[in-house]
Amino acid sequence: NSLYTDKQVFVRELISNAADALEKARFMSVQDEAFLGDNKDLEIKVEYDGEGKTLSIIDSGIGMTKADLINNLGTVAKSGTTNFLEAIQDGADANLIGQFGVGFYAAFLVADKVTVTSKCNEDPKQHVWESSADASFTVTEDPRGNTLGRGTRVTLHLKEDAHEFLSEDKLKELTKKYSQFMQFPIYVKTKKEVEADVEEDDDDDDEEEDKDDAEVKEEEEEKKEDKQPGKKTVHEWEQVNTQKAIWLRQKEDVQEQEYNEFYKAISKDYLDPLSYTHFNAEGEIEFKSILFLPKKAPFDMMDNYWTKKSEVKLYVRRVLVAEKFEELLPRYLNFVRGVVDSDDLPLNVSREQLQQNKIMKVISKKLVRKTLELLKKLAKDESAEEEEEEGEDKEAAKDEDKKDDEETPWQKFYKEFAKNLKMGCYEDDSNRSKISKLLRFATTKSDGKEISLDQYLDNMKDNQESIYYMAGESKEVLEKSPSLQIFQKKGIEVLTLTDHLDESCIQKLADYEGKKFVSIQKADIKLEETEEEKKRFEKIKDMYKPLTDWWKEKLTDLTEKGALKDSGVKVESVQLSKRLVDSPCVVVTSQFGYSAHQEKIMRAQAFQNKDQLNMMAGRKTLEINPNHPVVHDLLEKIKQDKENSQAVDTATVLFQTAMIESGYDISDPSVLVKKVYAMMSKEVGVDPDAPMKEIEVPEEEEEAEDTADAEDEDDSDDSESDSKKEEL
C-alpha cells in the first residue's frame, strides 16, 4: 500500500507483467522457432468467478519453473523486466531472467490470497505458488498436471471491499484504460444471453405426409405454443484493446482518418481534431508522441485553472503510467490532448512516479516546443491565405466576401483558446516571445478584425516609436474615449484591449521587436511635435498656470478634506493636455498605477485587499483642454475671483464627470448628483435652495366626483331591479 495510491492499478501491473512474459516468449521464439510449439497464440485473458469471488489473469508467455517462482515471487524488490532488459544489453542468457517484479505485489491491494499457476518449457511439471501476504508462501506441484501448456495464471481471492472488480464492465473499463495500446491481444471473458433455438424432430415426416392438412395445422399450432423460444447464457472472449498504437508507425504511413479515430478514442471527443503533430524525439531521452488540438474548448476549461493537470497520457512501452500528469505540459496548454510513449523512461517500483524530475523537464520542454511550433504553423497558414487574397483581382471581390464568413483553422483555434495563450504569455517567461507572435488584438483601424502584432508594426507610421494601446469594456466604449481623440486626429493606430487578460499580458510583454507598449490612458504620453507646436504649448501652459494651480488646490481640498475624502482618489496634478481635441478634460493615472479597466477588475475580486488596491490605483492627473470654451471661461472667472462659487462647482463637476468618462468609479456619487440637480434647477429658473413644500390637493372636487359616481351606481341598480320584475 505504501507504493500505490490507487488500488485499481493492480490491473495495470498484472497485465504489464503478463505482457513482459509474452514479450520474452516472442523473443525466445525468434531464437528458436519450435519454442512456441502448438500454442502459438501470444495473448492475455482476464476472467472472473462471481461465486468464488476470484479474478484470474492468464497469459501464454514464458512461464516460470519452480525455482523462478521461489526466486522471483519470494523477493519483493525483484524486477524481472529490468533484469531482462539489462541481461539483453549485457549479452547474458535471457532464460535466467524472471517475469515478475514488485508490480506483482499490487495484487494484495485487492486480494487477501494470491495463487499463481505456471508452466515453463524448461520444466516438465506445472507448479502452484500461493501466499496470503503474511511474509510466507508455498510452492507445490500442480496435482492436475499440465493444464496451461505454457504460461502463467494469476488468481486473486478478492477482499470484501474489492468485489466491485467482479463486474464485467469494470474489468473491461480498467483493462482498456491502462492497456488499450498493448501489442498483444487482451481478452475479457463476457457473459451474454442468447435465444435458445428448439430443435424439431424430423423422424415423423413420413407420417405427417399422410395426415390431413387440418390436422397438420392444429399440431403446428400446438408445437408453437409448447415450444416458446427460451434464453441461455453463453460465455465469450471479447478483445478490449482493438485500438492500435499508431504513434509507433511512421507518420507517412498513417492516414488522416486513423488520426481522427485515434484522437476520439483517447479524448472522448465527438469532433475531429483541429490539427495535430506526430513526431519522434531523440537526444537525452527518446520518446514518440502525437499531440492534438481540439476544435472546441471544454466548457470547464478555465475552472480550477491552477489545479488542473495536463490531459496528455504518459505511456511506457504502451502501458499507461499516468492519465493526467502535472509536469508534462504547463497549465496554459492543458487543452492539448495526446500521448507520450517512451521505452526507456526510468520508473520507480510502482510505475507511478518518475525517479528523475530532470528527464520529465526535458520531455516537457520538447512537448511545449512542438505545440508552439504547431500553433505557429496554423497562424502562418492564415497569413499566407490573407496574402493570396490580397493578390487576387478586384473582380473576385464578391466571391471573397463569401469566403470571409468562413473561419480559418487559426481563427477557430484563437476563438476557443485565446485566454490560454494570454495566460501563457503572463506565466511562461522562457516562451513569452514565441507566444507573443501568436496573439491577436483588435485595433482602431482593423474594423473589428483581430490582427497580429507583426501586422501592427507593418501599419505603423515611419516616425512612430511606440505601440499604443487602451483597455476597456468594449470597442464601442473605447472609440468614444477622450484619450483617443488626438490619435484619431493624427491617424495613429491603437490596440483596443477588451478582454480582462489583455492588459496584464501586454504589461508583462513590455515591448515587442524593440517597440515599447504605451497606454494612452496614462500620464506622460509623448507624441511627435514640431518646434513651433512645442513653443506654442509652453506659452499656453504659462497662460493657464493660474487655473491649473487653483484647480489642483480645490481638488486636493475635495479629495482630502471635502466630500471625496473617503473615496480613495488622490490627485497628482492638473495639467494642460496634448491628447484632447473635443472634450474639456480627461482623468489619467500614473505610469505604474492601475488603469480604469484594471481597477474595475480588481474591485470585482471577492477577496480584494482595499489597502493594496488604493496603493496600486495610483494618483490621478486631470488633463484639461485649453481650447475648450468651458475651460477658457473658467480661467476668466478665477482670474476675477478665485472664490467664485460657480467656478468651484463647475470645476468639481468637470472633474467627476471626467472620472466617469475615463472609466473610473465614483465611490460616492451623491456630491455629483446634487450639483447636477442644482444646475438643472437653475436652467429651468427654479431656486435650487428653495425649501420643499407639500402640494395641496383640491379636496372639494374629489368629493363631488365621488358623490356623482355613487348616484350613478344607485340608478343602475334600480333599472336592473325593474327589468327583473317585468320579466316575472
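A. Inspection of the overall build of the chain at higher detail. For the chain, the count of helices and strands is 23 helices and 22 strands. Expressed as a percentage of contacts within the chain between residues at least 6 apart in sequence, the contacts between residues at least 24 apart total 72%. Of the accessible surface of the chain, which amounts to about 41800 Å², a share of 45% is contributed by carbon and sulfur atoms.

B. Representation of the environment of Pro330. Along the chain, Pro330 turns up in the loop between β12 (319-322) and β13 (337-342). Considering only alpha carbons, one finds Pro330 and Ser364, 34 residues apart in sequence, at a separation of 8.1 Å.

C. Broad picture of the sheet that holds strand β15 (residues 450-452). Read from one edge to the other, the open sheet built from six strands follows the order β15-β14-β17-β16-β19-β18, with strand pairing classed as mixed. One side of each edge strand has no neighbouring strand; the edge strands of this open sheet are β15 and β18 (511-512).

D. Structural view of the nonpolar core. If you look at the biggest cluster of nonpolar residues, it comprises 72 residues, and the most contacted ones within it are Ile363, Tyr468 and Phe487. Broken down by element, the residue count for this core peaks at 11 residues, all from helix α8 (residues 357-391). Aside from chain neighbours lying at most four places away, what touches Ile363 is Ile285, Phe287, Leu328, Val340 and Leu345. Judged by nonpolar contacts, the second largest core, of 62 residues, contains Leu73, Phe108, Phe165 and Tyr263.

E. View of unusual backbone geometry. With a phi close to 60 degrees, Lys268 is a non-glycine residue in the positive phi region. As for its position among the elements, Lys268 is in the loop between α7 (256-267) and β9 (275-281). Here the phi dihedral of Asp447 falls at roughly 55 degrees; this positive angle occurs in a residue that is not glycine. For Asp447, the location among the structural elements is in the loop between β14 (440-443) and β15.

F. Molecular detail of the sheet that holds β13. Pairing in this open sheet of five strands is mixed, and the strands run β9-β10-β13-β11-β12 from one edge to the other. The open sheet has two edge strands, β9 and β12, and neither has a second partner. Ignoring which end each strand starts from, the neighbouring axes of this sheet average 20 degrees apart. Of the pairings in the sheet, the one linking strand β10 (residues 287-293) to β13 comprises five bridges and is antiparallel in character. By the bridge assignment, Leu291 is partnered in β13 with Gly338.

G. Here's a closer look at empty space enclosed by the protein. Counted according to the given criterion, the structure contains two cavities of 30 Å³ or more. Surrounding the largest cavity, Leu564, Ser567, Val569, Phe655, Gln656, Met659, Ile666 and Ser667 form its lining. Across the lining of the largest cavity, the residue classes tally to five nonpolar, three polar and no charged.

H. Structural detail: the layout of surface pockets. Of the pockets and cavities examined, the largest pocket occupies roughly 1400 Å³. Lining the largest pocket we find 41 residues, and of these Tyr469, Ile506, Gln507, Phe517 and Ser519 sit closest to its centre. Broken down by element, the residue count for the lining of the largest pocket peaks at five residues, all from helix α15 (residues 502-509). Looking at the lining of the largest pocket residue by residue, the class counts come to 19 nonpolar, 11 polar and 11 charged.

I. Focus on the packing of aromatic side chains. One pass over the structure, following the stated rule, counts 18 aromatic pairs. With 5.3 Å between their ring centres and 50 degrees between their planes, Phe181 and Phe262 make a pair best called tilted. Remark: Phe262 occurs in helix α7 and Phe181 occurs in the loop between α4 (168-179) and β7 (186-196); sequence separation between them is 81 residues. Take Phe181 and Phe262: they sit in the same class, and that class is buried. Aromatic side chains Tyr259 and Tyr276 sit 4.2 Å apart centroid to centroid with 25 degrees between the ring planes, which places their arrangement in the stacked category.

J. How the structure looks around the state of the cysteines. Counting across every chain of the model gives zero disulfides. Cys425 carries a free sulfur, and the closest cysteine sulfur to it, the one in Cys505, is 3.3 Å from it.

K. How the structure looks around helix α1 (residues 9-31). Between its first and last C-alpha atoms α1 spans 33 Å; for 23 residues at 1.5 Å apiece the expected length is 33 Å, and the two agree. Burial of α1 is extensive: 18 of the 23 residues sit out of reach of the surface.

L. Structural view of the pattern of salt bridges. With the rule as written, the count across this model stands at 30 salt bridges. The partner of Glu373 in a salt bridge is Arg369, with the nearest N and O atoms 3.4 Å apart. Remark: Arg369 and Glu373 occur in helix α8; sequence separation between them is four residues, near one turn of the helix. A relative accessible area of 38% places Glu373 in the partly exposed class. One salt bridge connects Glu623 with Arg579, and the closest N-O pair in it is separated by 2.9 Å. Taken together, the residues Glu623 in strand β22 (residues 620-624) and Arg579 in the loop between β20 (571-576) and β21 (585-589) connect sequence positions 44 residues apart. Of the two residues examined, Glu623 and Arg579, each falls in the buried class. Each of Glu47, Arg153 and Lys189 takes part in salt bridges that share partners, so that together they form one network.

M. Representation of the confidence of the model for the chain in the model. Per-residue confidence for the chain gives a mean pLDDT of 81, with 81% of residues at or over 70. Per-residue pLDDT, averaged within each element of the chain, yields its smallest value for helix α3 (residues 80-90) (46) and its largest for strand β17 (residues 495-497) (95). Confidence over residues 348-352 falls short of pLDDT 50; this stretch has 22 contacts with residues more than four positions distant or in other chains.

N. Fine view of the packing of helix α21 (residues 645-661) against helix α22 (residues 670-683). Their axes nearest at 10 Å, the elements α21 and α22 cross at an angle of 125 degrees. Here α21 is positioned oblique relative to α22, judged by the angle of their axes. Crossing geometry of α21 relative to α22 is assigned as left-handed. For the pair α21 and α22, the contacting residues are Asp649, Val653, Gln656, Thr657 and Ile660 in the first and Val671, Leu672, Lys675 and Met679 in the second. Looking at the contact of α21 with α22 residue by residue, the class counts come to five nonpolar, two polar and two charged.

O. Layout of the environment of Glu599. Looking at where Glu599 falls in the secondary structure, it is placed in helix α18 (residues 596-603). Expressed as a C-alpha distance, the spacing of Glu599 and Ala617, which sit 18 residues apart in the sequence, is 6.7 Å. If sequence neighbours within four positions are ignored, Glu599 has contacts with Tyr594, Ala617, Lys620 and Tyr664.

P. Main features of a nonpolar patch on the surface. On the surface, Val673, Val676, Tyr677 and Met680 cluster together to form a nonpolar patch covering roughly 370 Å² of accessible area. Inspection of the secondary structure assignment puts Val673 in helix α22. Of the residues examined, Val673 reaches a relative accessible area of 33% and is grouped as partly exposed.

Q. Here's a closer look at the side chain of Thr277. With respect to the element layout, Thr277 can be found in strand β9. Residue Thr277 is classed as buried on the basis of its relative accessible area of 15%. When residues no more than four places from it in sequence are discounted, the contact partners of Thr277 are Ser289, Ile290, Leu291, Lys370 and Leu374.

The rules we used
Residues numbered from 1 in each chain as written. Predicted model: local features only at pLDDT ≥ 70, side-chain atom pairs only at ≥ 80, totals over all residues. Heavy atoms only, no water. Helix = DSSP H or I, 4+ residues; strand = E, 2+ residues; numbered from the N terminus. Contact = heavy atoms within 4.5 Å. Areas by Shrake-Rupley, 256 points an atom, 1.4 Å probe, with all protein chains shown as cover. Pairing = 2+ DSSP bridges. Core = buried A, V, L, I, M, F, W, Y, C linked by side-chain atoms within 4.5 Å. Buried < 20%, exposed > 50% of the residue type's maximum accessible area, 1.4 Å probe, protein only. Axes fitted to C-alpha atoms, helices over the stretch in contact; angles between N-to-C directions. 1 Å grid on protein atoms, 1.4 Å probe; cavity = no way out; pocket = protein on both sides within 12 Å on 5 of 7 lines; lining within 4 Å. Points joined across faces, edges and corners; volume = space filled by probe spheres on them. Nonpolar A, V, L, I, M, F, W, Y, C, P; charged D, E, K, R; others polar. Phe/Tyr/Trp six-rings, centres within 6.5 Å; stacked < 30°, edge-to-face > 60°. Disulfide = S-S within 2.5 Å. Expected span 1.5 Å × (residues − 1). Salt bridge = Lys/Arg side-chain N within 4 Å of Asp/Glu carboxyl O. pLDDT = per-residue confidence, 0-100. Parallel < 35°, antiparallel > 145°, perpendicular 65-115°, else oblique. Left-handed = near helix turned anticlockwise from the far one by under 90°. Patch = residues over 30% accessible without salt bridge, like charges linked within 9 Å, V, L, I, M, F, W, Y side chains within 5 Å.

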